[in-house]
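Here is what each chain is made of, one letter per residue.
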Amino acid sequence: MSNADISTDPQDQGTLFIVATPIGNLDDISQRAIKTLSDVDLIAAEDTRHTAKLLSHLGLSKRTFALHDHNEKQKAQQVLTWLQQGQNVALVSDAGTPLISDPGYALVSLCREQGAQVTPIPGACAAIAALSCSGLPTDQFQFIGFAPAKSKARQSFFSDAYNSGMTSIVYESTHRIMASLEDLSAALGEQAQVVLAKELTKSFETFFSGTVTELQQFLQQDPARQKGEIVLMLPGKPNKASAVSEEALRLIALLEEHMPLKQACGVAADYLGQKKNALYKAVIAQKQ
């Protein structure tokens, strides 16, 4: 292919659309995502077989090609060439928002370096969906991907997450969840607070909030509970500046007998003229 075949005018070049797809319930796909998938020339899919099922559900017949961890760097240049030729390309992962612990970084990075247009089509993301229902502080949080495979590295991983001072969101696989909880307990103690979310938006969607030990018992009671797409979340270590008075803690303890903890912190914050999130973090820390 000669240089004459590649457009240098941005108006003549195509766009790479980063399209979020449902994480479970297919009704969660947006109208804009459907229109984009319908209009583009090509769809780059993490697994073409998985994406074929979604396209069939939407009544679309599109040309797809695989772009995954093992071929992304090689495919990225080809995608860039297509964009330069004026074709529009959509990138999708198997579920949720591409690049969030899914392929796409090398492609988007190359496109940005070369001045190609990259546009998000926002939608579902397991990390954000889980956090929004976790009951943990959301004023500051970090998504730190999958926990390491080896025990010692996992313990350091969880210690660093806690010491960050903010809520941490972690993805974990079915076959490693119990080992991860063992390392979480070793790193932060058996009474460390944790929230598990799994199978989000699906029929067996589950949330569990409690200590590491309680979560381990919950999962051991029924091995089926260990299966599925898993998100782990843990609160961060509170800063000294966020310490609150004994009066506030006593008030929250009394209120918690009649309402959920987060609501109790809200009432106490209004009464005492303090910040709700600071009170909530202090109580969570005290329970650990």
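Residues numbered from 1 in each chain as written. Predicted model: local features only at pLDDT ≥ 70, side-chain atom pairs only at ≥ 80, totals over all residues. Heavy atoms only, no water.

### Considering the nonpolar core
Thought 1: Membership of the largest hydrophobic core comes to 30 residues, with the highest contact counts inside it found for Val 231, Met 233, Ile 252, Leu 261, Cys 265 and Leu 279.
Thought 2: Elements supplying a minimum of two residues to this core: α5 (126-132), β7 (167-172), β8 (193-198), β10 (230-234), α9 (246-255), α10 (261-272) and α11 (276-287).
Thought 3: Residue-level mapping places this core at the junction of two domains, with at least three residues from each of domain 2 (127-234) and domain 3 (246-287).
Thought 4: The contact partners of Ile 252, leaving out residues within four places of it in the chain, are Leu 261, Ala 264, Cys 265, Ala 268, Leu 279 and Val 283.
Thought 5: Core analysis: the second largest hydrophobic core is formed by 20 residues, Ala 147, Ala 161, Val 170 and Leu 219 among them. (Core = buried A, V, L, I, M, F, W, Y, C linked by side-chain atoms within 4.5 Å. Buried < 20%, exposed > 50% of the residue type's maximum accessible area, 1.4 Å probe, protein only. Helix = DSSP H or I, 4+ residues; strand = E, 2+ residues; numbered from the N terminus. Domains from an automatic or database assignment. Contact = heavy atoms within 4.5 Å.)

### Thoughts on the pattern of salt bridges
Two side chains that carry opposite charge are able to pair once their charged atoms sit near each other.
Thought 1: Counted under the stated rule, the structure contains 5 salt bridges.
Thought 2: Between Arg 154 and Asp 183 there is a salt bridge whose closest N-O contact spans 2.7 Å. Residue Arg 154 is found in helix α6 (residues 151-163), and its partner Asp 183 is found in helix α7 (residues 177-188); the two are separated by 29 residues along the sequence. Of the two residues examined, Arg 154 and Asp 183, each falls in the buried class.
Thought 3: The residue Arg 176 makes a salt bridge to Glu 172 at a minimum N-O spacing of 3.6 Å. (Salt bridge = Lys/Arg side-chain N within 4 Å of Asp/Glu carboxyl O.)

### Quick look at the domain arrangement of the protein
Thought 1: Domain assignment breaks the protein into domain 1 (15-124), domain 2 (127-234) and domain 3 (246-287).
Thought 2: Relative to domain 2, the C-alpha centre of domain 1 lies at a distance of 29 Å.
Thought 3: Contacts between the two partners involve 6 residues from domain 1, matched on the other side by 8 residues from domain 2.
Thought 4: The contact between domain 1 and domain 2 buries some 490 Å² in all, and 65% of this surface belongs to carbon and sulfur atoms.
Thought 5: Inspection of the domain 1/domain 2 interface yields 0 salt bridges.
Thought 6: On the surface where domain 1 and domain 2 come into contact, there are 2 residue pairs in polar contact (both at pLDDT 80 or more).
Thought 7: Broken down by class, the residue content of the side of domain 1 that touches domain 2 amounts to 2 nonpolar, 3 polar and 1 charged. (Buried area = accessible area lost by both parts, 1.4 Å probe. Polar contact = N/O pair within 3.5 Å; in protein donor to acceptor, adjacent residues only side chain to side chain. Nonpolar A, V, L, I, M, F, W, Y, C, P; charged D, E, K, R; others polar.)

### Details of the UniProt feature "domain: Tetrapyrrole methylase" (unreviewed entry) in the protein
Thought 1: As annotated in UniProt, the feature "domain: Tetrapyrrole methylase" (unreviewed entry) corresponds to residues 15-215 in the numbering used here.
Thought 2: Secondary structure content for residues 15-215 is 39% helix and 22% strand, while the C-alpha to C-alpha distance between its ends is 45 Å. (UniProt positions renumbered as here; feature names shortened; annotations may be inferred.)

### Considering the packing of aromatic side chains
Thought 1: On inspection of all chains with the given rule, the structure shows 5 aromatic pairs.
Thought 2: Ring centres of Phe 146 and Tyr 171 lie 5.7 Å apart, and the angle between their planes is 70°; this geometry places the pair in the edge-to-face category. With a gap of 25 residues between them, Phe 146 in strand β6 (residues 141-146) and Tyr 171 in strand β7 connect regions that are remote in the sequence.
Thought 3: For Phe 146, a relative accessible area of 42% corresponds to the partly exposed category.
Thought 4: Ring pairs connect the aromatic residues Phe 143, Phe 146 and Tyr 171, which therefore count as one cluster.
Thought 5: The ring of Tyr 280 has Lys 262 lying over it, and the distance from NZ or CZ to the ring centre is 5.4 Å. (Phe/Tyr/Trp six-rings, centres within 6.5 Å; stacked < 30°, edge-to-face > 60°. Lys NZ or Arg CZ within 6 Å of the ring centre and 35° of its normal.)

### Structural notes on α10
Thought 1: Taking 1.5 Å of rise per residue, 12 residues should cover 16 Å, and α10 covers 16 Å from first to last C-alpha, within 8% of that figure.
Thought 2: Taken together, the buried positions of α10 are occupied by Leu 261, Ala 264, Cys 265, Gly 266, Ala 268 and Ala 269.
Thought 3: Phi turns positive one or two residues past the end of α10, at Gly 273, with a value near 70°. (Expected span 1.5 Å × (residues − 1).)

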